[in-house]
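Listed below are the residues making up each chain.
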Amino acid sequence: MSMRFDRHVVIITGASSGIGAATARAFAREQAIVVLADLRPNEALHHQLEGEGTAVLSVTVDVASSADCERLVNQVLERFGRIDVLFNNAGITRRATVEELDEAQWDHVMAVNLKSVFLLSRLVIGPMRRQGGGSIVNTASGWGLVGGDQAAVYCASKGGVVLLTKAMAIDHGPHKIRVNCICPGDTLTPMLSDEARQLGLHGDALAAAASSRPLGRAGRPEEIADAVLFLASGQSSFITGEALVVDGGGLAGSA
Ligand SMILES: NC(=O)c1ccc[n+]([C@@H]2O[C@H](COP(=O)([O-])OP(=O)(O)OC[C@H]3O[C@@H](n4cnc5c(N)ncnc54)[C@H](O)[C@@H]3O)[C@@H](O)[C@H]2O)c1
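As a starting point, this report considers the structure included with it. Just so it is clear, the structure is predicted and the values come from calculations on it, not from any experiment.

**Details of the site of the ligand**
Right, so step 1: Around the ligand, the surrounding shell holds 29 residues, and the nearest of these are S17, I19, D38, Y154 and T189.
Right, so step 2: Within the backbone of N89, one N or O atom sits 2.8 Å away from an oxygen atom of the ligand.
Right, so step 3: At 2.6 Å from an oxygen atom of the ligand is found a side-chain nitrogen or oxygen belonging to T189.
Right, so step 4: Protein chains bury 94% of the 830 Å² of accessible surface belonging to the ligand in isolation.
Right, so step 5: According to the grid-proximity analysis, the pocket containing the ligand is the largest pocket.
Right, so step 6: In terms of residue class, the shell around the ligand is built from 13 nonpolar, 11 polar and five charged.

**Details of the pairing of strand β2 (residues 33–38)**
Right, so step 1: With respect to burial, β2 is a largely interior element, six of its six residues being buried.
Right, so step 2: The alternating pattern of β2 places I33, V35 and A37 on one face and V34, L36 and D38 on the opposite face, and all of these are buried.
Right, so step 3: Taken together, strand β1 (residues 9–13), helix α1 (residues 18–29) and β2 form a β-α-β motif whose crossover is right-handed.
Right, so step 4: Bridge count between β2 and strand β3 (residues 56–60): five bridges; the pairing is parallel. By the bridge assignment for β3, A37 is matched with V59.
Right, so step 5: As for the winding sense of the linkage, the β-α-β connection from β2 through helix α2 (residues 43–51) to β3 is right-handed.

Cut-off values and rules
- Every chain is numbered on its own, with residues counted from 1 as its sequence reads.
- Local features in a predicted model are, by the rule used here, given only for residues with pLDDT of at least 70; side-chain atom pairs are given and counted only at 80 or more, and totals for whole chains, interfaces and linings are based on all residues.
- Note that water and hydrogens are dropped before the side-chain values are worked out from all heavy atoms of the structure.
- We define proximity as follows: a residue is near a molecule or strand when any one of its heavy atoms falls within 4 Å of that partner.
- Side-chain atoms alone can form a polar contact between residues adjacent in sequence; in general such a contact is a pair of N or O atoms within 3.5 Å, and within protein one must be able to donate a hydrogen while the other accepts it.
- Surface accessibility in these figures is a Shrake-Rupley result with a 1.4 Å probe; residues are shielded only by whichever protein chains are displayed.
- Site definitions follow a grid-based scheme: protein atoms alone, a 1 Å grid, a 1.4 Å probe that fits but cannot get out for cavities, and for pockets an open set with protein on both sides within 12 Å along at least five of seven lines, plus lining residues having an atom within 4 Å of a point.
- More than half of a molecule's atoms within 2 Å of the grid points is what it takes for that molecule to sit in a cavity or pocket.
- For this scheme, ten residues count as nonpolar: Ala, Val, Leu, Ile, Met, Phe, Trp, Tyr, Cys and Pro. Four count as charged, namely Asp, Glu, Lys and Arg, and the remainder, Gly too, count as polar.
- Burial status follows relative accessibility: with a 1.4 Å probe on protein chains alone, a residue under 20% of its type maximum counts as buried, one over 50% as exposed, and anything between as partly exposed.
- In this description a helix means any DSSP run of H or I spanning at least four residues, a strand means any run of E spanning at least two, and both kinds are numbered starting from the N terminus.
- When the strands point away from the viewer and the connection leading from the first strand across the helix to the second strand turns clockwise, the crossover is called right-handed.
- Strand pairing is defined by DSSP finding a minimum of two bridges between the two strands.

On their own, these measurements won't tell you what the molecule is for.
Next comes the structure, spelled out in structure tokens:
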């Protein structure tokens, strides 16, 4: 197996579950130094990776807090001296129309899904520039490209992530910092079950509904991780500002 990330320092937010945890495992398999950042630490994952010989740092952070983001980046720089990859992945969903949302709910989703990308990215750009480059990958969504029902604030936040990605790619390309995002379709994580329950459905309902997509199923977190590693690696050295759809063809028929 190729080791695209040997001793590269990789920060993953939302690393305790779903797509973040699968991505942490994938980076670890390629010898990266892995920083697991999450509101709720996953000690089992930490110990598993450490047991397999990975250098791991777990940091409990609320990505919506600028103080927490600063503490995270400072801790990583003190311990490892550099940051090669930032994967801004932490996210939450709230299935509701604008009529149903209150202001606090709007602010919370926007802060966790969108403001966090600004808060963390601005802190890593200086160190990446000084070390000669780096790669930022953000998790948007298919619903950052097209609208969805009862998902007003989620769509607004993820649409923001797509264009923030492109704007940062323009500003920081000259510093050899590439910025891309992934747009997953329905993926088998706790978020998908939670989302189904918010809609009053059985926890498996959205996963089952994915059978109508061209590939006939929902995605596995590992399949999203593969795309993240591609965008983070030198294999995508001429790609920046891209929103890569990873959804089994779900959006293939959309404009
Ligand atoms: N699962 C899907 O179908 C799907 C589809 C498209 C996009 N996404 C996006 O993928 C990303 C990962 O989602 P997932 O499906 O793996 O969900 P998940 O719920 O399994 O994992 C999300 C992780 O983010 C963490 N988190 C939440 N709020 C946080 C905060 N304020 N600070 C730090 N960490 C926080 C949670 O503790 C959790 O570990 C999200 O941005 C989500 O919007 C998911």
